[in-house]
Amino acid sequence: MLRPRIIPCLLIKDKGLVKTIRFDKPKYVGDPINAVRIFNEKEVDEIMVIDIDATSNNAAPDFKVIEHLAAECRMPLCYGGGIKTVEQAERIIGLGVEKVAISSAAVANPTLVSRIAKQIGSQSVAVVIDAKKRLLGGNYEVFTHNGKKKTGKCPITFAKQLEEAGVGEVILNSIDNDGVMKGYDFTLVEKIRAAIKVPLTVLGGAGSLQDIGQLIKRCGIIGAAAGSLFVFKGIYRAVLINYPNRAEKDILIEKNYCVTLPDIST
């Protein structure tokens, strides 16, 4: 049976592991390879690694770093950062990565999603939608380049467009809630959830396992991703790689996600 996935998200900047708040003030928290090794021991469902430098610097993916990450990972790995071509995506998958995550390149050219999906399979293609609430009107807008570039796109419309293009998964990231650790933006999440049928992973705002439980309760089978929650501990944000053990995870999912079996008595 399909289950909700609980996914640590690691951000890489200058080859180091960092954490941001609202896409700003990156704080160095350690070595990404060491973090992956610890998450291996904790048997995480999946891990997401995003190079936040690549797109801003107009750089290609760092294939050497990706190769090292893929070699260390004992869990499914989703990698994003700087992917602009079918050939780059294909090479990354060839290194042992399960999924590529595209962002600004998909905004600039949604047909790229179709072409990559045709080459490596839609199940291996995710698109990250970085969304922020507009100051007036309460609507949301898609941003790129680490939240610095407005696109004028509505995230709901864009998510539908990605689904039509053959995306395998949408990763929804709230810029407003990034690193704040006060919960997900459920208004945004539920709008996207209602608009598309492809798998959805939500990122931005989780500060506790209860926040993840709330996401599962409201959205069912979903990817619940978090950054700060799994690299910090306590109110003073001490660096500590953590993740629920198998029993804690099972209890969290069972408590918040109920399966209704069909009635076959008639």
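Residues numbered from 1 in each chain as written. Predicted model: local features only at pLDDT ≥ 70, side-chain atom pairs only at ≥ 80, totals over all residues. Heavy atoms only, no water.

K.L.:
Got a minute to help me understand empty space enclosed by the protein in this structure?
P.N.:
Once rolled over the atoms, a probe with the size of a water molecule shows which space is left empty. Counted by the stated rule, this structure contains one cavity of 30 Å³ or more. Its boundaries defined by the atoms lining it, the largest cavity holds a volume of some 30 Å³. Surrounding the largest cavity, Leu172, Ser174, Tyr184, Asp185, Leu188, Val189, Val202, Leu203 and Gly204 form its lining. Put simply, the parts of the chain that give the lining of the largest cavity at least two residues each are strand S10 (169–174), helix H8 (186–195) and strand S11 (200–203). (1 Å grid on protein atoms, 1.4 Å probe; cavity = no way out; pocket = protein on both sides within 12 Å on 5 of 7 lines; lining within 4 Å. Points joined across faces, edges and corners; volume = space filled by probe spheres on them. Helix = DSSP H or I, 4+ residues; strand = E, 2+ residues; numbered from the N terminus.)

K.L.:
Quick question: what am I supposed to make of the side chain of Glu46 here?
P.N.:
Here Glu46 is to be found in the loop between helix H1 (32–41) and strand S4 (47–51). Judged by relative accessible area, which is 6%, Glu46 ranks as buried. Within polar-contact distance, the side chain of Glu46 engages the side chain of Arg5 at 2.8 Å. In this view, Glu46 contacts Arg5, Ile6, Ile7, Pro8, Met75, Pro76, Cys78 and Lys99; residues no more than four positions away in its chain are not counted. (Buried < 20%, exposed > 50% of the residue type's maximum accessible area, 1.4 Å probe, protein only. Polar contact = N/O pair within 3.5 Å; in protein donor to acceptor, adjacent residues only side chain to side chain. Contact = heavy atoms within 4.5 Å.)

K.L.:
What's the story with helix H9 (residues 209–219) in this structure? I'm lost.
P.N.:
Along an α-helix, residues three or four positions apart point the same way, because every turn accommodates 3.6 residues. Along H9, the residues classified as buried are Asp211, Ile212, Gly213, Leu215, Ile216 and Cys219. In this fold, the buried residues of H9 make contact with strand S1 (5–13), H8, S11, strand S12 (223–226), helix H10 (228–231) and helix H11 (246–256). One or two positions beyond H9, positive phi appears at Gly220, with a value near 75°.

K.L.:
Is there a simple way to explain the packing of H9 against H11 in this structure?
P.N.:
For any two helices packed against each other, the geometry is given by the interaxial angle and the distance between the axes. Look at H9 against H11: their axes get within 8 Å of each other, and the N-to-C directions meet at 40°. With respect to H11, the element H9 is oriented oblique. Pair H9 / H11 crosses with right-handed handedness. Of H11, the residues touching H9 (which contributes Leu209, Ile212, Gly213, Gln214, Ile216 and Lys217) are Leu252, Ile253 and Asn256. (Axes fitted to C-alpha atoms, helices over the stretch in contact; angles between N-to-C directions. Parallel < 35°, antiparallel > 145°, perpendicular 65-115°, else oblique. Left-handed = near helix turned anticlockwise from the far one by under 90°.)

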